[in-house]
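A look at the structure
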Amino acid sequence: MADIILKTEGLTKHYGGVHALTNANFEIRKGEHVAIMGDNGAGKSTFVRQITAVEQRTSGKITFDGKEVAFEGPLDAREAGIETVFQTLALADHLDVSDNLFLGREKILFKLGPFSILDYKGMREATRAALQKTGVKIPNFRNTIQNMSGGQRQCVAIARTATFHSKLTIMDEPTAALGVQETAQVENIVRTLKEAGEPLILISHNMRQVMDLCDRIVVFRRGQIVANLKKEETDGQDVVAYITGAKTQPEYAEAAA
Amino acid sequence: MAETTHGIGGLKYDHSKRERPQELNVFIALILIVAVFEGLGFWLMGQSFLFDSGDRFDSIFNEARLQIIILQVAIIGIIAIGVTQVILTGGIDLSSGSIVGAAAMIAMSFAQVAEVNGFPNPKGIFIEQGWVDLPVIVPIAVGLACGVVAGGINGALVAYTKIPPFIATLGMMVTARGVAKWWSKGQPISFPTESYSKLGAGMTPVVIFLALAVLFHLILRYTVYGKHTYAIGSNEAAARMSGINVARHKVMVYTIAGVLASVAAIVLSSKNLTAQSGMGVMYELDAIAMAVIGGISLQGGRGSVIGTVIGALIFGVIISGFTFLRLDAYYQEMVKGAIIVGAVVLDQWRQNKGGKT
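First, a word on what this report is: a plain description of the structure on this page. If you're wondering where the values come from, they're calculated on a predicted model, not measured in any experiment.

1. Quick word on the interface of chain A and chain B
- Taken together, the contacts link 38 residues of chain A with 36 residues of chain B.
- Buried surface at the junction of chain A and chain B, both sides included, amounts to about 3,000 Å², of which 62% is carbon and sulfur.
- On the chain A side of the interface with chain B, the three residues burying the most area are His-94, Phe-115 and Pro-139 of chain A, jointly 20% of the side's total.
- Counting across the interface, chain A meets chain B through one salt bridge.
- The salt bridge involving Lys-227 of chain B is made with Asp-99 of chain A; its shortest N-O contact spans 2.9 Å.
- The set of elements that each furnish at least two residues to the side of chain A that touches chain B consists of helix H2 (74-80), strand S8 (117-118), helix H5 (150-163) and helix H6 (180-195) of chain A.
- The element best represented in the side of chain A that touches chain B is H5 of chain A, accounting for five residues.
- Among the residues making up the side of chain A that touches chain B, the classes are represented as 18 nonpolar, 12 polar and eight charged.

What follows is the structure, given as structure tokens:
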């Protein structure tokens, strides 16, 4: 089907003898917001790391935007259009906001191989525009990340993914460490993405948030997908039952056994 | 405009409370140290440390002493620039002193004259092969190539075998010193061509040091290379996830450090008109000390070449100051050690204070 943006078939990852992820079959359509839930160590982050090629999968097939892909590293995945906010924020503490936004894909004033001259002005202007677009308020984006609060850092990380026209955005627990107001701001950014029709995979432990923001919930347990639930057809209790292992959807029963 | 936009939770940002740049702190330290020596000078010696007190010069400064201060740190300063960018990535380079030794020996052996006072060069290494009286570009190219090879090996070891930089460069430190001794079986190599001997004559080391300092300041501040150097030292995992080729970048950083060490080797051997296998012993530690005194954080990501240059000047002022006060060289070393430790303690303390969020 043409409107499937990402599809994984039999995605598997072993760390030595540990089967962190087994035979994960997953798909997400254009414009769809899908939540991934599951207990700690259920394989959620591992799943994301295989898609974004931060790690190389043990086996399985990934189809992105209609083509089978084998990314060699996160830059490959990013160039193909997958933007990720990682659980560990992936920001450089001693650099400022616009440096971080453009880390690894700096705007260049004058091309000179590795010694290409940076276009600071262009990057700052683009940063200002990006922060406005996403509604992120940061008092001074010339400030270095180390002097910022957890919420501000998170907003920078999310603004980074929202700045670049991505085909798929992935957020790994974006509000885990945030206060009420900060969480609301992050959720607003997510809604902006939804309005713009940009697909999103959201990893979260927050049931209210998931029910608020997502169309579909995929539950991981012990490295396997055990449920694929439409939001309208489920509720919090039901999802918890899948997470804890009280329930397993029939089509996944064999895998979870 | 002291306060601007409201942030998350209505936070305000006060521009006047901005952190003071690290370089300024280091510069203030330099001024304080000079002031201490001035005070001690008037008290103990009855003369000024840096100012012209005997009316010997045209300006108000004691020009001779200023020249000595900068000249004696220039060569190690060149190494310190390279070491600075290595430390910025969170690494360390212990091999630069030995690379100076090896590169000086090898470069010098291609810079020799055929005849000294009408006799064949008594120290000639390549007389049989006829590799004497070569154009000056040959020893320069050979010397720089030594730096590329040694630095490249350092970088490859750090980047691809993932052994700690301390161990990788410690290995190179021992190996390169071995090469320096083996090259001429321990014999000094002397009698360079006239053009080679000009490379380090007079104040040229200072000119080269300052030119390289400006160049690397610009590179670290305004190029992709510089940005990635800071990013790797600041958060290596983040740099990798942002798509920076961390391994390749580290190889570049260590290679450039090796090249700068070999530049120092060429300048030093030219200045001394001879190369010996023991050249550059302990230079790596002096270079690291200059960087650390200049505010380069050993944890990476913090500091600048300007800091290192001021660190080098502090270094020079202290050595000169002790000589000026006619204190023994033994005391210099003791105090040098204390200053290095003190600088790191200060850095640690600052990090802890600044790291709270």
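2. As for helix H4 (residues 137-161) of chain B
Residue and element names in this part refer to chain B.
- The first and last C-alpha atoms of H4 sit 35 Å apart over 25 residues, in line with the 36 Å expected at 1.5 Å per residue.
- Elements that come into contact with the buried residues of H4 comprise helix H3 (96-109), helix H5 (165-183), helix H6 (194-197) and helix H10 (246-272).
- Lys-162 occupies a position one or two residues after H4 and carries a positive phi of about 65 degrees.

3. Details of the packing of aromatic side chains
Residue and element names in this part refer to chain B.
- In the structure shown here, the tally under the stated rule is 13 aromatic pairs over all chains.
- Between Phe-51 and Phe-61, the aromatic rings sit 5.2 Å apart at their centres with planes inclined by 25 degrees, giving stacked as the arrangement. Within this pair, whereas Phe-51 is found in the loop between helix H1 (22-45) and helix H2 (63-88), its partner Phe-61 is found in the loop between H1 and H2, the two being separated by 10 residues in sequence.
- Among the residues examined, Phe-51 registers a relative accessible area of 37% and is labelled partly exposed.
- Centre to centre, the rings of Phe-126 and Trp-131 are 4.9 Å apart; their planes meet at 55 degrees, and the pair counts as tilted.
- Among the aromatic residues, those joined into a cluster by ring pairs are Phe-110, Phe-126, Trp-131, Trp-182 and Trp-183.
- In this structure, Arg-221 packs its charged tip against the face of Tyr-222, placed 5.4 Å from the ring centre.

What counts as what
Each chain has its residues counted from 1, following the order in which its sequence is written. Here the convention is simple: chains get letters from A, ligands get numbers from 1, in the order in which they are written. Owing to the predicted nature of the model, reporting of local features is limited to residues with pLDDT of at least 70; listing and counting of side-chain atom pairs is limited to 80 or more, with chain, interface and lining totals taken over all residues. Here the side-chain values reflect all heavy atoms present in the structure, with hydrogen atoms and water set aside. Note on contacts: a residue pair is in contact if any heavy atoms of the two residues lie within 4.5 Å. When two parts are put together, the accessible area they lose, computed with a 1.4 Å probe and summed over both, is reported as buried area. A side-chain nitrogen of Lys or Arg and a carboxyl oxygen of Asp or Glu constitute a salt bridge if their distance falls within 4 Å. The helix count covers DSSP runs of H or I at least four residues long, the strand count covers runs of E at least two residues long, and both are numbered beginning at the N terminus. Note that Gly is not counted as nonpolar here; it falls among the polar residues with everything else outside the nonpolar set of Ala, Val, Leu, Ile, Met, Phe, Trp, Tyr, Cys and Pro and the charged set of Asp, Glu, Lys and Arg. Under the convention used throughout, the expected extent of a helix is 1.5 Å for every residue step, that is, one less than its residue count. The rule is short: rings of Phe, Tyr and Trp, with Trp giving its six-membered ring, pair when the centres are within 6.5 Å, and they are stacked under 30 degrees, edge-to-face over 60, tilted in between. Think of it in three bands: with a 1.4 Å probe and only protein chains considered, a residue is buried below 20% of the maximum accessible area for its type, exposed above 50%, and partly exposed in between. Definition used: whenever NZ (Lys) or CZ (Arg) falls within 6 Å of the ring centre and also within 35 degrees of the ring normal, the charge is taken to sit over that ring.

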